Amino acid sequence: MQQLLKKIRSGHFAIMGILNITPDSFSDGGKFDRVEAAVTHALDMQAEGADIIDVGGESTRPGATPVDEKQEIQRVVPVIEAIQAKSDVLISVDTSKPAVMRAAIQAGASMVNDVNALRERGAVECCADLGVPVCLMHMKGGPRTMQQNPVYEDVTGEVSGFLQQRARVCVEAGIPKERIVIDPGFGFGKNFEQNVTLFKQLNVICKLNFPVLVGISRKSMLGQILDRPVDERLMGSVAAAVMAYNKGARLFRVHDVAATHDALQICNAIQ
Ligand code: PT1
């Protein structure tokens, strides 16, 4: 993972393929079938060009309800182990809970992706101790209520200040700067206009001297522009990835790996 981050700092892009391990995400023919289906999807995404598989056992999309720690571990650990057994693809764990971070890293994940930017008690110390890279994402409020009425005076300034402050806390706790990735958190406590403003000004976030990860794939922000349901947002998602690339983002958390990979290869060749 450190090597991939070095590549990204030198200008390469990388793709993080999304692997949601929630009861509704894979056909339910029992636990073995679920793990098997998740591993197949992970290997497919790797073959399509994913550098990292982001394994998540708790939905953080707007309105989602929390999952308890034990259940989250029971969802992600068998999948991480099963991917590891079949492939050398890098794995990140999408969680905010220190116990899940520990269990996932022990099972073979090599990065923590936290939509809560390690604000949970013990999370910063946990990641410093584990010695793995972290993705710090901006979110205003919590998943359950964050879309109710988000207010900003200056969304980009606030997001940028927050990410710098969280990075500083991490560095002070012993996480080297080289292990930190930042993410503006599209759709997390931001209304449509705020998401668009933040996207327009993404170059400001990219100037902070950390690799920038963006997650916009299939999000409602694109749905509002296109007036299309979630399964018809492929072209919009790819266009948004290209725009983000042009503003300096280099890590892309996406559902549609093959299409995004092609588009970003073109960006990389022509930039
Ligand atoms: C993200 C992200 C994430 N997004 C990182 N991790 C989700 N680092 C989960 C909608 O408006 O952007 N960065 N982990 C998924 N969250 C959402 C949020 C999904 C909003 C959909 C929407 O449609």
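Going by the structure above, here's the rest.
Reading guide: rules and limits
- Position numbers for residues count from 1 along each chain, tracking the sequence in the order it is written.
- Under the rules for a predicted model, residues below a pLDDT of 70 receive no local features and side-chain atom pairs below 80 are neither given nor counted, while totals for whole chains, interfaces and linings still include all residues.
- Only hydrogens and water are set aside when side-chain values are computed; all heavy atoms of the structure are taken into account.
- Working definition: residue near molecule or strand if any one of its non-hydrogen atoms lies within 4 Å of it.
- Any pair of N or O atoms that falls within 3.5 Å is considered a polar contact. Within protein, one atom must be able to donate a hydrogen and the other to accept it, and sequence-neighbouring residues count only if both atoms are side-chain atoms.
- All accessibility values rest on the Shrake-Rupley procedure with a 1.4 Å probe; residue burial counts only the protein chains present in the view.
- In the cavity and pocket records, a cavity denotes points on a 1 Å grid over the protein atoms alone where a 1.4 Å probe fits but cannot get out, a pocket denotes an open set with protein on both sides within 12 Å along at least 5 of 7 lines, and lining residues are residues with an atom within 4 Å of a point.
- A molecule is said to be in a cavity or pocket once over half of its atoms fall within 2 Å of that pocket's grid points.
- Residue classes follow a fixed rule: Ala, Val, Leu, Ile, Met, Phe, Trp, Tyr, Cys and Pro count as nonpolar, while Asp, Glu, Lys and Arg count as charged, and any other residue, Gly among them, counts as polar.
- Comment: axis = line fitted to C-alpha atoms, over the contacting stretch for helices; angle = value between 0 and 180 degrees taken between N-to-C directions.
- The numbering of helices and of strands both runs from the N terminus, where a helix is a DSSP run of H or I of at least 4 residues and a strand a run of E of at least 2.
- Orientation labels follow simple angle bins: below 35 degrees gives roughly parallel, above 145 gives roughly antiparallel, 65 to 115 gives roughly perpendicular, and whatever is left gives oblique.
- By definition, turning the near helix anticlockwise from the far helix through less than a right angle yields a left-handed crossing, and turning it clockwise yields a right-handed one.
- What makes two residues a contact is simply this: any of their non-hydrogen atoms within 4.5 Å.
- For this analysis, a ring pair means two rings from Phe, Tyr or Trp (six-membered ring only for Trp) whose centres lie within 6.5 Å, classed as stacked if their planes differ by under 30 degrees, edge-to-face if by over 60, and tilted for the remaining angles.
- Here, a charge over a ring is recorded when the distance from Lys NZ or Arg CZ to the ring centre is within 6 Å and its angle to the ring normal is within 35 degrees.
- Strand pairing is assigned whenever DSSP detects at least two bridges linking the two strands.
- Grid points are joined across faces, edges and corners, and a volume is the space filled by probe spheres set on the points.
- Under the scheme applied here, a residue whose accessible area is under 20% of the maximum for its type counts as buried, over 50% as exposed, and between as partly exposed, the area being computed with a 1.4 Å probe on protein chains only.

Asker: When you look at the site of the ligand in this model, what are you seeing that I'm missing?
Answerer: Contacts to the ligand come from 16 residues, most closely from D94, N113, D183, K219 and S220. In this structure, a nitrogen atom belonging to the ligand sits 2.7 Å away from a side-chain N or O atom of N113. Between an oxygen atom of the ligand and a main-chain N or O atom of G215, the distance comes to 3.3 Å. Here the ligand loses 92% of its free accessible area of 510 Å² to cover by the protein chains. The pocket occupied by the ligand, as judged from atoms lying within 2 Å of grid points, is the largest pocket. Of the residues contributing to the shell around the ligand, the split by class is six nonpolar, five polar and five charged.

Asker: So what exactly am I meant to see when it comes to the packing of helix α2 (residues 31–47) against helix α3 (residues 69–86) here?
Answerer: Two quantities define a packed helix pair, namely the angle between the axes and the distance from one axis to the other. One can describe the packing of α2 onto α3 by two numbers: an axis separation of 9 Å at closest approach and a directional angle of 50°. The angle between the axes of α2 and α3 places the two elements in the oblique class. The chirality of how α2 crosses α3 is right-handed. Counting all contacts with α2, which are made through K31, V35, E36, A38, V39, A42 and L43, the residues of α3 involved are P78, V79, A82, I83 and K86.

Asker: Sorry, what's going on with the packing of aromatic side chains here?
Answerer: How two aromatic rings sit relative to each other is given by the distance of their centres and the angle of their planes. Counting across every chain of the model gives one aromatic pair. Positioned above the aromatic ring of F210, the side-chain terminus of K177 is 4.3 Å from the ring centre. Here R250 stacks its cationic end above the ring of Y245, 3.8 Å away from the centre of that ring.

Asker: Any chance you could explain the sheet that holds strand β1 (residues 14–20) here in plain terms?
Answerer: Within a sheet, neighbouring strands are paired by backbone hydrogen bonds and run either parallel or antiparallel to one another. Strand order in the open sheet formed by eight strands is β6-β5-β4-β3-β2-β1-β8-β7, and the pairing between neighbours is parallel. The sheet is open, and its two edges are formed by β6 (180–183) and β7 (213–214), each paired on a single side. Where β1 lies against strand β2 (residues 52–56), five bridges are found, and the strand directions are parallel. Counterpart to G17 in the pairing with β2 is I53. Strands in contact with α2 are β1 and β2; relative to β1, the strand with the most contacts, it is inclined by about 165°.

Asker: Looking at this model, I keep getting lost on empty space enclosed by the protein. Mind explaining?
Answerer: The gaps left among the atoms become clear once a water-sized probe is rolled over them. Counted according to the given criterion, the structure contains one cavity of 30 Å³ or more. By volume, the largest cavity amounts to about 50 Å³. Around the largest cavity, the lining residues are V214, I216, S217, S237, A241, F252, R253, V254 and T260. Looking at the lining of the largest cavity, the elements that each hand over two or more residues are α10 (234–246) and β8 (251–254). With three residues, the top contributor of residues to the lining of the largest cavity is β8. Its residues assigned to classes, the lining of the largest cavity shows five nonpolar, three polar and one charged.

Asker: Explanation requested: the packing of helix α6 (residues 155–172) against helix α7 (residues 192–200) in the structure shown.
Answerer: Relative to each other, α6 and α7 sit at 70°, their axes nearing to 9 Å. With respect to their mutual orientation, α6 and α7 come out roughly perpendicular. Here α6 and α7 pass one another in a crossing that is right-handed. Across the interface between the two elements, V155, T156 and V159 from α6 touch Q194, T197 and L198 from α7.

Asker: Even after reading the chapter, I still don't get the layout of surface pockets, so can you show me in this structure?
Answerer: The calculated volume of the largest pocket comes to roughly 970 Å³. Taken together, 40 residues form the lining of the largest pocket, with N20, S59, R61, R253 and H255 sitting closest to its centre. Listed by contribution, the elements that provide at least two residues to the lining of the largest pocket are β1, α7 and α9 (220–226). Partitioning the lining of the largest pocket into residue classes produces twelve nonpolar, 17 polar and eleven charged.

Asker: How should the environment of E48 be read in this particular structure?
Answerer: Mapped onto the elements of the fold, E48 is located in the loop between α2 and β2. A residue is classified by how much of its surface remains accessible, and E48, at 35% relative accessible area, is partly exposed. Here the alpha-carbon distance between E48 and L163, two residues 115 residues apart in the chain, equals 31 Å. Not counting chain neighbours up to four residues away, the residues in contact with E48 comprise V257, A258 and H261.

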